[in-house]
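Read off the chains here:
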Amino acid sequence: MPDLPELNPVVHGRLRLALLSLLSGVEEAEFTWLRTKTEATDGNLGAQLLKLEEAGYVAVEKKFVLRKPQTLYRITEGGRQALGEYVRALKQLLGPAGGM
Amino acid sequence: MKGQAMPDHTTEQELRERLSLIERMIAEGRRNTESWGWTFVLWGVVYYAAIAWSEWGNSPWAWPVCVSTGVIVTIAVASSKTSGHAETTLGRAIGSIWMALGITMVVLFPALGLSGRLSDGRVFVAVMSAILGMANGASALILRWKIQFACAVVWWLAAVSECFGSEAQSTVVFLVAIFLCQIVFGIYGMAADAQQRKRRAIDA
């Protein structure tokens, strides 16, 4: 029996997976944009983004625009790689019928 | 976890759901996040108001006042509609075209007006139509959007016809081009976006 791949637990979380997928399609995104797209609460979203940041999958930039605080998130090279590996593992687990 | 396909609590259906979530979110992220159909309608109304005012009111302030109002309303509505912001290369490319169009018009037309070299209204309309054709054409080529390219063709044809027609013909051509490429195209854009939103809500 061939070795089956492991699913990265950091990426596997539903909200974290949604966040990484969203960020993979944009250069950078504001916290509020991510909240609208995922329909998550501020607390949960902040916690999951922090986990992704700690894993080195997203980078955060905080700045002020017209005196208003703005938090921008972007996927890192490590995050992109982790997402790619997760998709490959998922496809392998699902077999030939699971292709995107 | 090697050799152990998936955790006990993770069903195949759940994995498929994860795969579909990735697809949905990537598409959502790449999607142009805001509908801009309303700006076409708004600017169509601005052009009509400016033409009507300058035609019947005979005021040199018609275009500057209407365009300034249009800019203020666009900024106000856009900032109230956006809930957060995400930057994509595509979005920046399209935004740059329309930003450059706005700057070109704001710089060129007042200069032409103040210098007194805008004596023939047909030249103003021809230049404006050509610039609008260029912006719509560039945007359509980037988005591979045939309907917007058709709008660009209408503007280019309008620009060429301005060079040969009478003042009255020129006005009619301009009014028709505004109607087709601003009002009709804008309403079409808003309807297409509403339909897309409805489809996504059903899929979700």
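Quick caveat: nothing in here was measured; it's all calculated off a predicted structure.

Draft legend 1. Here's a closer look at the overall build of chain B. Check the secondary structure of chain B and you find seven helices and one strand. Walking chain B from its N terminus toward its C terminus, one meets helices and strands in the order α-α-α-β-α-α-α-α. Here chain B, with 204 residues, has 23% of them falling under the buried criterion. Looking at chain B alone, contacts between residues at least 24 apart form 68% of all its contacts between residues at least 6 apart.

Draft legend 2. Representation of the overall build of chain A in the model. Each helix and strand counted, chain A has five helices and three strands in total. Each helix (α) and strand (β) of chain A, taken in turn from the N terminus, gives the series α-α-β-α-α-β-β-α. The buried share of chain A, taken over its 100 residues, is 27%. Across chain A, the fraction of contacts at a sequence separation of at least 24, relative to all contacts at a separation of at least 6, is 57%.

Draft legend 3. Seen up close, the nonpolar core. If you look at the biggest cluster of nonpolar residues, it comprises 28 residues, and the most contacted ones within it are Leu19, Leu20, Leu22, Leu23, Ala29 and Val58 of chain A. Contributions of two or more residues to this core are made by helix 2 (14–24), helix 3 (31–38), helix 4 (42–54), strand 3 (68–75) and helix 5 (77–94) of chain A together with helix 1 (12–30) of chain B. The greatest single-element share of this core, amounting to six residues, is contributed by helix 2 of chain A. The contact partners of Leu22 of chain A, leaving out residues within four places of it in the chain, are Ala29, Leu34 and Lys37 of chain A together with Met25, Glu28 and Gly29 of chain B. In this structure, Trp43, Met128, Cys151 and Trp155 of chain B belong to the second largest nonpolar core, which totals 25 residues.

Draft legend 4. Focus on helix 2 (residues 37–57) of chain B. Residue and element names in this part refer to chain B. In a regular helix each residue adds 1.5 Å, so 21 residues correspond to 30 Å; helix 2 covers 30 Å between its end C-alpha atoms and thus fits that length. Listing the buried residues of helix 2 in full gives Phe40, Trp43, Gly44, Val46, Tyr47 and Ala50. The arc that holds every buried residue of helix 2, seen down its axis, measures 160°, which confines them to one face. Residues Ala52, Trp56 and Gly57 are exposed on helix 2 and point more than 90 degrees away from its buried face. Of the residues flanking the end of helix 2, it is Asn58, one or two places downstream, whose phi is positive at about 50°.

Draft legend 5. Representation of unusual backbone geometry within the structure. A positive phi angle is found at Glu39 of chain A, which is not glycine, with a value near 55°. As for its position among the elements, Glu39 of chain A is in the loop between helix 3 and helix 4.

Draft legend 6. Molecular detail of helix 6 (residues 146–162) of chain B. All names here are of chain B. For helix 6, with 17 residues, the first-to-last C-alpha span of 24 Å sits near the 24 Å given by 1.5 Å per residue. Residues Gln148, Cys151, Ala152, Val154, Trp155, Ala158, Ala159 and Glu162 constitute the buried set of helix 6. End-on view of helix 6: buried residues confined to an arc of 155°, all on one side of the axis.

Draft legend 7. Representation of the packing of helix 2 of chain A against helix 3 of chain A within the structure. All names here are of chain A. The contact between helix 2 and helix 3 brings their axes to 11 Å, and the two run at 120°. As far as their axial angle goes, helix 3 and helix 2 are oblique. As for the relative orientation of helix 2 and helix 3, their crossing is right-handed in sense. Contact with helix 2, carried on its side by Leu15, Ala18, Leu19 and Leu22, involves Leu34, Lys37 and Thr38 of helix 3 and no other residues of that element. Considered class by class, the residues forming the contact of helix 2 with helix 3 number five nonpolar, one polar and one charged.

Draft legend 8. How the structure looks around the sheet that holds strand 1 (residues 86–87) of chain B. The strand order across the open sheet built from four strands is 2(A)-3(A)-1(A)-1(B), with neighbouring strands paired in antiparallel fashion. Across the chains shown, the open sheet's two edge strands, defined by having one partner strand only, are strand 2 (58–65) of chain A together with strand 1 of chain B.

The rules behind these values
- Residues numbered from 1 in each chain as written.
- Chains lettered and ligands numbered in written order.
- Predicted model: local features only at pLDDT ≥ 70, side-chain atom pairs only at ≥ 80, totals over all residues.
- Helix = DSSP H or I, 4+ residues; strand = E, 2+ residues; numbered from the N terminus.
- Buried ≥ 20, exposed ≤ 12 C-beta atoms within 10 Å, placed from the backbone.
- Contact = placed C-beta atoms within 7 Å.
- Core = buried A, V, L, I, M, F, W, Y, C linked by C-beta atoms within 7 Å.
- Expected span 1.5 Å × (residues − 1).
- Arc of directions from axis to C-beta.
- Axes fitted to C-alpha atoms, helices over the stretch in contact; angles between N-to-C directions.
- Parallel < 35°, antiparallel > 145°, perpendicular 65-115°, else oblique.
- Left-handed = near helix turned anticlockwise from the far one by under 90°.
- Nonpolar A, V, L, I, M, F, W, Y, C, P; charged D, E, K, R; others polar.
- Pairing = 2+ DSSP bridges.

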